[in-house]
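# Coordinate inspection notes
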Amino acid sequence: MTSGLWELVLKGIWTTVQLLVLSALLATVVSFVVGIARTHRLWIVRFLAGFYTEVFRGTSALVMIFWVFFVLPVAFGWQLVPLWAGTLALGLTYGAYGTEIVRGALNAVDPAQQEGGVALSFTPWQRMRLILLPQAVPEMIPSFCNLLIELLKGTALVSVMGMGDLTFSANLVRLALQQSAEIYTYILLIYFVIAFTLTRLMRGLEKKLKAGIGKGPASTESKRVQTVGVGGGVS
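Note that the structure is a prediction, hence the values are computed from the model and not measured. (Residues numbered from 1 in each chain as written. Predicted model: local features only at pLDDT ≥ 70, side-chain atom pairs only at ≥ 80, totals over all residues. Heavy atoms only, no water.)

On to the overall build of the protein chain. If you tally the helices and strands in the protein chain, you get nine helices and zero strands. Mapped in sequence order, the helices and strands of the protein chain form the string α-α-α-α-α-α-α-α-α. By residue count, 37% of the 235 residues in the protein chain fall in the buried class. When contacts within the protein chain are restricted to residue pairs at least 6 apart in sequence, those whose partners lie at least 24 apart make up 74%. (Helix = DSSP H or I, 4+ residues; strand = E, 2+ residues; numbered from the N terminus. Buried < 20%, exposed > 50% of the residue type's maximum accessible area, 1.4 Å probe, protein only. Contact = heavy atoms within 4.5 Å.)

Okay, the packing of aromatic side chains next. Here the distance between the centres and the angle between the planes together describe a pair of aromatic rings. Per the counting criterion, the structure on display carries nine aromatic pairs. Between the aromatic rings of Phe69 and Phe70, the centroid separation amounts to 5.0 Å while the plane-to-plane angle is 80°, which identifies the pairing as edge-to-face. For Phe69, a relative accessible area of 13% corresponds to the buried category. Within the aromatic cluster, the residues linked to one another by ring pairs are Trp43, Phe47 and Phe51. (Phe/Tyr/Trp six-rings, centres within 6.5 Å; stacked < 30°, edge-to-face > 60°.)

Looking now at the side chain of Thr16. Among the secondary structure elements, Thr16 is positioned in helix H1 (residues 3-37). Residues in contact with Thr16, not counting those within four places in the same chain, are Leu152, Thr155, Asp165 and Leu166.

Time to look at helix H8 (residues 180-212). Over its 33 residues, H8 extends 48 Å from the first C-alpha to the last, a length consistent with the 48 Å expected when each residue adds 1.5 Å. Considered for burial, the residues of H8 that qualify are Ile183, Ile187, Ile190, Tyr191, Ile194, Ala195, Leu198, Thr199, Met202 and Glu206. One or two positions beyond H8, positive phi appears at Gly214, with a value near 80°. (Expected span 1.5 Å × (residues − 1).)

Turning our eyes to something else, we now look at helix H4 (residues 82-108). Between the first and last C-alpha of H4 there are 39 Å, a value that for 27 residues agrees with the 39 Å anticipated at 1.5 Å per step. When the local axis directions of H4 are compared, the greatest deviation, roughly 30°, occurs at Ala96. (Bend = angle between axes of the 7 residues up to and from the residue.)

Okay, the packing of helix H6 (residues 124-154) against H8 next. Where H6 meets H8, the closest approach of the two axes is 9 Å, and the angle between their N-to-C directions is 170°. Between H6 and H8, the angle falls in the class roughly antiparallel. Contact with H6, carried on its side by Val137, Pro138, Glu139, Ile141, Pro142, Phe144, Cys145, Leu148, Ile149 and Leu152, involves Tyr191, Ile194, Ala195, Leu198, Thr199, Met202, Leu205, Glu206, Leu209 and Lys210 of H8 and no other residues of that element. Residues that form the contact of H6 with H8 fall into these classes: 16 nonpolar, one polar and three charged. (Axes fitted to C-alpha atoms, helices over the stretch in contact; angles between N-to-C directions. Parallel < 35°, antiparallel > 145°, perpendicular 65-115°, else oblique. Nonpolar A, V, L, I, M, F, W, Y, C, P; charged D, E, K, R; others polar.)

Moving on: the side chain of Asp165. Within the element layout of this structure, Asp165 appears in the loop between H6 and helix H7 (166-177). No salt bridge is formed by the buried Asp165, whose closest oppositely charged neighbour, Arg174, lies at an N-O distance of 13 Å. Not counting residues up to four positions away in its chain, the partners in contact with Asp165 are Gly12, Thr15, Thr16, Thr155, Ala156, Val158, Ser159 and Tyr191. (Lys, Arg positive; Asp, Glu negative; His and termini not counted. Salt bridge = Lys/Arg side-chain N within 4 Å of Asp/Glu carboxyl O.)

Moving on, we come to the packing of H4 against H6. Viewed as axis vectors pointing N to C, H4 and H6 meet at an angle of 140°, and their least axial separation amounts to 8 Å. Crossing geometry of H4 relative to H6 is assigned as right-handed. Side by side, H4 and H6 meet where Leu90, Tyr94, Tyr97, Gly98, Ile101, Val102, Ala105 and Leu106 of the first sit next to Met128, Leu132, Leu133, Ala136, Met140, Ser143, Phe144, Leu147, Glu150, Leu151 and Gly154 of the second. Here the contact of H4 with H6 is built from residues that sort into 15 nonpolar, three polar and one charged. (Left-handed = near helix turned anticlockwise from the far one by under 90°.)

The subject of this paragraph is the pattern of salt bridges. Applying the stated criterion across every chain, the model contains six salt bridges. For Arg38, the salt bridge is made with Glu100, and the minimal N-O distance between the two is 2.3 Å. Of this pair, Arg38 sits in the loop between H1 and helix H2 (43-57) while Glu100 sits in helix H4, and the two are 62 residues apart along the sequence. Taking relative accessible area as the criterion, Arg38 reaches 21% and is therefore assigned partly exposed.

A separate point is the confidence of the model for the protein chain. In the predicted model, the protein chain carries a mean pLDDT of 86, and the fraction of residues at 70 or more is 90%. Scored below 50 in pLDDT, residues 225-235 makes two contacts in the model with residues more than four places away or belonging to other chains. (pLDDT = per-residue confidence, 0-100.)

Written out as structure tokens, the structure reads:
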């Protein structure tokens, strides 16, 4: 490929990374806010959170992108640029899946921990911030990692708006060179490299968070050494 075509691909990669970061941030906020709301003691809060989750999990991300980009201008009279339209549609859609990750991890925390917070006269927010979330968040990381990879692949959908992401740019290069096999192979490899990098980063984050609550490899090794010291040997 010529330098101009490579520059087009690099711009597409940068656009995809921007969209991924922005939509992931929105999805994370939505996941925690709505996920925590799904465990709220008031039924109306749980109902509204559940309604949002079911609506956005039950609709197509592609159709949601169309709706945000084409219907919102007609309904409200203002037009989002493709980057923000894609961010809004993908963030809200994948955030709905993230709410179930948050809700499930919070419910998996030992009830005795919650009872201990009540015994210490912690407020509900203090129990959530100081007891539940520190134990639940490390358990969410593997599922959030999978969701992040799905979000990366979902960014390709914004090409339908004419947004110059990686997929859209690659298609322009393919049309210019008439080389489908080579171009799409390159694009597959680029997506794989991005996904692999994200996976390694998330695994590192998971280990760090688990070490912070005494579940990391270092903590396990320390306990093993203490056991050996007390017992005088290993059977």
